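What follows is each chain in one-letter form.
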Amino acid sequence: MKKAYNFFAGPCVLPEEAINSTIDALKDFAGTGIPLISISHRSKEWEGVMNECRALWKELLQIPDNYHIVFLGGGASLQFLYVAMNLFENKAGYLETGVWAKKALKEAQGIAKSRGKEGAAFAVASSADKTYSYIPKGYEIPTDLDYFHITTNNTIYGTEIKYDMDCPVTLVADMSSDIMSRPVDVSKYGLIYGGAQKNVGPAGVIFAIIRDDVLGKVSSYIPTMLDYRTHIEKESMFNTPPVFAIYVMTQTLKWLKGIGGVETINKINNQKAAMLYEEIERNKLFVGTANPEDRSIMNVCFVMNPEYKELEAGFLDYAKANGMMGVKGHRSVGGFRASIYNACPIESVQALIKCMQEYEKMNLK
């Protein structure tokens, strides 16, 4: 089999240990003789997985006792609606830093309108003026908001909020693409949510970490399935949970714990990103697109130097021929993107750098 280096933005690279454990469980789950994808979610064996998964989340992120962890389907895009449905009462502010942040705001605006408060969900600050190439700074968060929503990592544009901000109101964060990539002070957030398929598992399950005092403040009706309290009370099993995705997530978190946790992986992630950004800055063919101080360590976005624009298609072909998979930029922005999530090995980044250097030598003789 030809060697492939996976730089796709999601689903993500998964640890080999997690994949192998899952293969075994697909044949025989926990010694039951039943495949994982056929096991009852009410069995004691499955309850053990759910308990282990929650315990790993709590341990790895040092989640305080006054937070609940739920696992649901529907992707982070459905969480855009969940957040507004459960938290919006009078006014909500959003930091618009990319496509996903804008989509989250749209759902909040829809909820605000449906509750007779059109215009009460809005962008506090935006980086749309420069194609989301930076994180806004110097803005003030209104103190009368029900919550302030941020998207910590912007996969399409390669920017990231790499710190836990102080916020005068309930802080809500979509951490779909950088959760578990660095230590997080969970106590600064009222709600953290995201899809698992970037860093902590396969597509099919979301995580939500919810402080117990942020719920129950909305006067409007919340449909049963869209009420976080439903899933907290039933421990994520109000309906059949996505058992396969949760099992893989558990195995992935076990791998992360085994290598030293989020502190260790953060050092590795910073090393990978620094290597790649250094090559982009050195290489005459390529130009980075994100503001240097806001550059993501998860999604490295770059384009062909305008002087060599005609070489762009050739580089994509050359990269693919050498096993670099998924380096084409998002269809909305073009260029190139290397997603180097937790389980992406440093060898993959080194291989991409070598490919970039070889292509430069081929074309700049």
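Calculation rules
Residues numbered from 1 in each chain as written. Predicted model: local features only at pLDDT ≥ 70, side-chain atom pairs only at ≥ 80, totals over all residues. Heavy atoms only, no water. Phe/Tyr/Trp six-rings, centres within 6.5 Å; stacked < 30°, edge-to-face > 60°. Helix = DSSP H or I, 4+ residues; strand = E, 2+ residues; numbered from the N terminus. Buried < 20%, exposed > 50% of the residue type's maximum accessible area, 1.4 Å probe, protein only. Pairing = 2+ DSSP bridges. Axes fitted to C-alpha atoms, helices over the stretch in contact; angles between N-to-C directions. Expected span 1.5 Å × (residues − 1). Salt bridge = Lys/Arg side-chain N within 4 Å of Asp/Glu carboxyl O. Disulfide = S-S within 2.5 Å. Parallel < 35°, antiparallel > 145°, perpendicular 65-115°, else oblique. Contact = heavy atoms within 4.5 Å. Nonpolar A, V, L, I, M, F, W, Y, C, P; charged D, E, K, R; others polar.

Visitor: Got a minute to help me understand the packing of aromatic side chains in this structure?
Guide: The geometry of an aromatic ring pair is captured by two quantities: the separation of the ring centres and the angle between the planes. Enumeration over the complete set of coordinates arrives at 15 aromatic pairs. Pairing tyrosine 94 with tyrosine 147 gives two aromatic rings, centres 5.7 Å apart and planes at 75 degrees, and the pair type is edge-to-face. On the criterion of sequence distance, the pair formed by tyrosine 94 in strand 3 (residues 92-96) and tyrosine 147 in strand 5 (residues 147-151) is long-range, its members being 53 residues apart. Look at tyrosine 147 and you get buried, because its relative accessible area is 0%. Ring geometry for tyrosine 318 against tyrosine 359: centres 5.6 Å apart, planes inclined by 35 degrees, an arrangement best described as tilted. Taken together, the positions of tyrosine 318 in helix 8 (residues 312-321) and tyrosine 359 in helix 9 (residues 346-363) put the pair 41 residues apart, joining distant regions of the chain. Among the residues examined, tyrosine 318 registers a relative accessible area of 19% and is labelled buried.

Visitor: Mind showing me how you'd approach the sheet that holds strand 11 (residues 286-288) here?
Guide: In any sheet, the strands associate via hydrogen bonds between backbone groups, in a parallel or an antiparallel arrangement. With antiparallel pairing, the three strands of this open sheet are ordered in space as 11-12-14. Only two strands of the sheet have a single partner each, and these edge strands are strand 11 and strand 14 (336-339). Taken pair by pair, the neighbouring strands of this sheet meet at an average axis angle of 35 degrees, ignoring direction. Direction of pairing for strand 12 (residues 299-304) relative to strand 14: antiparallel, over a ladder of four bridges. By the bridge assignment for strand 14, valine 300 is matched with alanine 338.

Visitor: Which parts of the structure should I look at to understand helix 6 (residues 243-258)?
Guide: Structurally, the α-helix is built with 3.6 residues per turn, so residues lying three or four positions apart point the same way. Here helix 6 spans 23 Å end to end across 16 residues, near enough to the 22 Å set by a 1.5 Å rise per residue. Here helix 6 lies mainly inside the structure; 12 of its 16 residues are buried. Residues Val243, Ala245, Ile246, Tyr247, Val248, Met249, Thr250, Gln251, Thr252, Leu253, Trp255 and Leu256 constitute the buried set of helix 6. Of the residues flanking the end of helix 6, it is glycine 260, one or two places downstream, whose phi is positive at about 120 degrees.

Visitor: Even after reading the chapter, I still don't get the pattern of salt bridges, so can you show me in this structure?
Guide: Where side chains of opposite charge bring their charged atoms close, a pairing between them can arise. For the structure shown, the criterion picks out 13 salt bridges. Residue glutamate 45 is joined to lysine 44 by a salt bridge in which the shortest nitrogen-to-oxygen separation is 3.1 Å. In this structure lysine 44 comes out as exposed when scored by relative accessible area, which is 65%. The salt bridge partner of lysine 257 is glutamate 59, with a shortest N-O separation of 3.2 Å.

Visitor: Looking at this structure, how should I read the pairing of strand 12?
Guide: Consecutive residues of a regular strand have side chains that alternate between opposite faces of the sheet. Burial analysis of strand 12 places five of its six residues in the buried class, which makes it a mostly covered element. Where strand 11 meets strand 12, three bridges bridge the pair, whose relative direction is antiparallel. Residue pairing in the sheet places valine 287 in a bridge with valine 303 of strand 12.

Visitor: Would you mind showing me how to read unusual backbone geometry here?
Guide: Among all residues except glycine, the phi angle is most often negative; among peptide bonds, the trans geometry is most common. Omega for the peptide link from glycine 10 to proline 11 comes to -5 degrees, which places this bond in the cis form. You can see proline 11 is positioned in the loop between strand 1 (5-6) and helix 1 (16-27). Residue methionine 180 is not a glycine yet carries a positive backbone phi of 70 degrees. Its place among the elements puts methionine 180 in the loop between strand 8 (171-174) and strand 9 (191-195). Unlike most non-glycine residues, glutamate 235 shows phi in positive territory, near 55 degrees. Of note, glutamate 235 is situated in the loop between helix 5 (228-233) and helix 6. Classification of glutamate 235 by relative accessible area gives partly exposed; the value is 47%.

Visitor: How should I be thinking about the state of the cysteines in this particular structure?
Guide: Joining two cysteines, a disulfide is a covalent bond between their sulfur atoms. Counted according to the given criterion, the structure contains zero disulfides. Unpaired in this structure, cysteine 53 has its nearest cysteine sulfur neighbour in cysteine 12, at a distance of 14 Å. Between cysteine 344, a free cysteine, and cysteine 12, which holds the nearest cysteine sulfur, the sulfur-to-sulfur gap is 10 Å. Looking at cysteine 344, the relative accessible area reads 2%, which means it is buried.

Visitor: Explain the packing of helix 7 (residues 261-282) against helix 9 here, please?
Guide: Each packed pair of helices is defined by two parameters, the angle between the axes and the distance between the axes. Relative orientation of the contacting elements helix 7 and helix 9 amounts to 5 degrees, with a least axis distance of 9 Å. Taken together, helix 7 and helix 9 sit at an angle that is classed as roughly parallel. Residue-level inspection shows Gln271, Lys272, Met275, Leu276, Glu279, Ile280 and Arg282 of helix 7 in contact with helix 9, the latter providing Ile346, Val349, Gln350, Leu352, Ile353, Met356, Gln357 and Glu360. Looking at the contact of helix 7 with helix 9 residue by residue, the classes come out as eight nonpolar, three polar and four charged.

Visitor: Which parts of the structure should I look at to understand the sheet that holds strand 9?
Guide: Judged by pairing direction, the sheet is mixed, and its seven strands sit side by side in the order 2-10-9-8-5-3-4 without closing on themselves. The open sheet is flanked by strand 2 (67-72) and strand 4 (121-126), the only strands paired with a single partner. Here the strands of the sheet are splayed against their neighbours by 20 degrees on average, with no regard to which way each runs. Sitting on the sheet, helix 2 (residues 44-61) touches strand 2 and strand 10 (206-211), and the angle it makes with strand 2 is about 130 degrees.

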